[in-house]
Number of protein chains: 2
Amino acid sequence: MPDSVVLDPVDLEILRLLQNDARTTYRDLAAAVGVAPSTCLDRVARLRRSGVILGHALRMDPAKLGRPLEALLSVQVRPHRRELIGPFVERVRALPESRALFHLTGPDDYLVHVAVAGTADLQRLVLDEFTSRREVARVETRLIFQQWTCGPMLPPAATA
Amino acid sequence: MPDSVVLDPVDLEILRLLQNDARTTYRDLAAAVGVAPSTCLDRVARLRRSGVILGHALRMDPAKLGRPLEALLSVQVRPHRRELIGPFVERVRALPESRALFHLTGPDDYLVHVAVAGTADLQRLVLDEFTSRREVARVETRLIFQQWTCGPMLPPAATA
DNA sequence: TCTGAAAACACCGCTCA
DNA sequence: TGAGCGGTGTTTTCAGA
């Protein structure tokens, strides 16, 4: 499987439309793009096989699920060795509060995006799940005032 | 619309299953949860109306789209006033490289998650779109080695 | 919330350029 | 090789109870 995939304008338009609503029917997709529904089906199947489309995810509102407060935790893991960071990553991923986890360059090794019920819950999370761990050298907490998802993420220099 | 929504075990199970694969049919959903397909349809429609489900998104591989390098940019906007940050946010959201944008507490006002073709593209992005702007006081760039999405994000203390 | 029926859809073969 | 067409099984969706 090649690292990058060749996408023609039809593929790009399909991806753009599916990003707005991933449940768009192939019939509507076909009408919008200007090809036959079966061609759309074929294109989407190919995009899935080639790994461009990883899957279909549900976008949910954390606040509506009782987690109105979101934060980013910058975490320094010391010493930064495989035998420590492997379990650390798995533990963080298993937390119900975790939304995303990044391994980064720079002084802070990890960034954890969490959603919690409130400041008390956040404090508990930081103290019990992070700073209490021996391998966690430092945690810096920043609250998220507002967030935006951007997009559509399409290839640089799109073939128009 | 209330800030938080009351979810029964059926709702939670539906959300859990749809998060793994948002294209699961109502028939399969019904079989897994133990209710009729029409009930599933009704529940999902209600979850959509109540705002718990925001939509169905396509998960795509940035690398396959010619953007194999991802980074987080910490941006300080000075002075941090509405008439400056409004346009700043809109400009960043409109960049094809932007994946997500956060307004944060702490010394750095914004965090921008970007996907680019390579280090040269990243340098161009930082210089031309950020540091060249008068309102941008400082940009700190950290590369993303690896990232994980976590989940399922469900209510704290789930009603069992 | 379920049952059942009707409409819409996905998805497979095939044919044609 | 890739696009388009039609048939079939499945899924969705809407009554009514």
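Residues numbered from 1 in each chain as written. Chains lettered and ligands numbered in written order. Predicted model: local features only at pLDDT ≥ 70, side-chain atom pairs only at ≥ 80, totals over all residues. Heavy atoms only, no water.

Description of the UniProt feature "domain: HTH asnC-type" (unreviewed entry) in chain A
Within this numbering scheme, the UniProt entry marks residues 7–68 of chain A as carrying the feature "domain: HTH asnC-type" (unreviewed entry). End C-alpha to end C-alpha, residues 7–68 of chain A measures 39 Å, and it is 53% helix and 13% strand. (UniProt positions renumbered as here; feature names shortened; annotations may be inferred. Helix = DSSP H or I, 4+ residues; strand = E, 2+ residues; numbered from the N terminus.)

Some words on the interface of chain A and chain B
Contacts between chain A and chain B engage 64 residues on the former and 64 residues on the latter. Taking both sides of the interface into account, the surface hidden between chain A and chain B amounts to around 6300 Å²; carbon and sulfur atoms contribute 61%. Contact with chain B buries area across many residues of chain A, yet Lys64, Trp148 and Met153 of chain A alone supply 14% of it, more than any other trio. Where chain A meets chain B, there are zero salt bridges. Applying the counting criterion to the chain A and chain B interface returns 23 residue pairs in polar contact (both at pLDDT 80 or more). Counting only elements with at least two residues in the side of chain A that touches chain B, the list comes to helix H1 (9–20), strand S1 (53–60), strand S2 (69–77), helix H4 (82–94), strand S3 (98–104), strand S4 (110–116) and strand S5 (136–149) of chain A. (Contact = heavy atoms within 4.5 Å. Buried area = accessible area lost by both parts, 1.4 Å probe. Salt bridge = Lys/Arg side-chain N within 4 Å of Asp/Glu carboxyl O. Polar contact = N/O pair within 3.5 Å; in protein donor to acceptor, adjacent residues only side chain to side chain.)

Some thoughts on the packing of aromatic side chains
Residue and element names in this part refer to chain B. Scanning the model with the defined rule gives four aromatic pairs over all chains in all. Ring centres of phenylalanine 88 and tyrosine 110 lie 5.1 Å apart, and the angle between their planes is 50 degrees; on these two criteria the pair is classed as tilted. One end of the pair, phenylalanine 88, is in helix H4 (residues 82–94); the other, tyrosine 110, is in strand S4 (residues 110–116), and 22 residues separate them in sequence. Each of the two residues, phenylalanine 88 as well as tyrosine 110, counts as buried. (Phe/Tyr/Trp six-rings, centres within 6.5 Å; stacked < 30°, edge-to-face > 60°. Buried < 20%, exposed > 50% of the residue type's maximum accessible area, 1.4 Å probe, protein only.)

Comments concerning the protein's contact with DNA strand C
Lining the immediate environment of DNA strand C, one finds Thr25, Tyr26, Arg27, Ser38 and Leu41 of chain A together with Val35, Ala36, Ser38, Thr39 and Arg43 of chain B. Considering DNA strand C, the proportion of its atoms within 4 Å of the protein that are sugar or phosphate atoms stands at 77%. The separation between a phosphate oxygen of DNA strand C and a polar side-chain atom of arginine 27 of chain A is 3.4 Å. Interatomic distance of 2.8 Å between a backbone N/O atom of alanine 36 of chain B and a phosphate oxygen of DNA strand C. Of all the secondary-structure elements, those providing two or more residues to the surface near DNA strand C are helix H2 (26–33) and helix H3 (37–49) of chain A together with helix H3 (37–49) of chain B. Ranked by residue count, the leading element in the surface near DNA strand C is H3 of chain B, at three residues. Of the residues assigned to the surface near DNA strand C, the class counts are four nonpolar, four polar and two charged. (Near = heavy atom within 4 Å. Nonpolar A, V, L, I, M, F, W, Y, C, P; charged D, E, K, R; others polar.)

Considerations on the pattern of salt bridges
Residues and elements named next belong to chain B. In the structure shown here, the tally under the stated rule is 26 salt bridges over all chains. Arginine 78 is paired through a salt bridge with aspartate 109; the nearest N and O atoms lie 3.3 Å apart. Taken together, the residues arginine 78 in the loop between strand S2 (69–77) and H4 and aspartate 109 in the loop between strand S3 (98–104) and S4 connect sequence positions 31 residues apart. In this structure arginine 78 comes out as partly exposed when scored by relative accessible area, which is 39%.

What about the protein's contact with DNA strand D?
Around DNA strand D sit Val35, Ala36, Ser38, Thr39 and Arg43 of chain A together with Thr25, Tyr26, Arg27, Ser38 and Leu41 of chain B, and those are all the residues in its vicinity. The sugar-phosphate share of atoms of DNA strand D within 4 Å of the protein amounts to 72%. Side-chain polar atom of arginine 43 of chain A to a phosphate oxygen of DNA strand D: 2.5 Å apart, as the coordinates give it. Looking at the surface near DNA strand D, the elements with two or more residues in it are H3 of chain A together with helix H2 (26–33) and H3 of chain B. In terms of residue count, H3 of chain A provides more of the surface near DNA strand D than any other element does, three residues in total.

Quick look at the pairing of S3 of chain B
Most of S3 of chain B is tucked away, with six of its seven residues classed as buried. One ladder, built from five bridges, connects S5 of chain A with S3 of chain B; its direction is antiparallel. For glutamine 146 of chain A, the partnering residue across the bridge sits in S3 of chain B and is histidine 103 of chain B. In this sheet, S4 of chain B lies alongside S3 of chain B in antiparallel orientation, the contact comprising five bridges. Pairing of alanine 100 of chain B across the sheet is with histidine 113 of chain B, part of S4 of chain B. Two successive antiparallel strands, S3 of chain B and S4 of chain B, enclose a turn made up of five residues, where glycine 106 of chain B displays a positive phi of approximately 105 degrees. (Pairing = 2+ DSSP bridges.)

Re the side chain of glutamate 97 of chain B
Mapped onto the elements of the fold, glutamate 97 of chain B is located in the loop between H4 and S3. Engagement of the side chain of glutamate 97 of chain B in a polar contact is seen with the side chain of arginine 124 of chain B, the distance being 2.8 Å.

A look at the packing of H1 of chain A against H2 of chain A
Residues and elements named next belong to chain A. The interhelical angle for the contact between H1 and H2, taken along N-to-C directions, is 130 degrees, at an axis separation of 10 Å. Classified by the angle their axes make, H1 and H2 are oblique. Crossing hand, H1 versus H2: right-handed. For the pair H1 and H2, the contacting residues are Val10, Glu13, Ile14, Leu17 and Leu18 in the first and Leu29, Ala32 and Val33 in the second. (Axes fitted to C-alpha atoms, helices over the stretch in contact; angles between N-to-C directions. Parallel < 35°, antiparallel > 145°, perpendicular 65-115°, else oblique. Left-handed = near helix turned anticlockwise from the far one by under 90°.)

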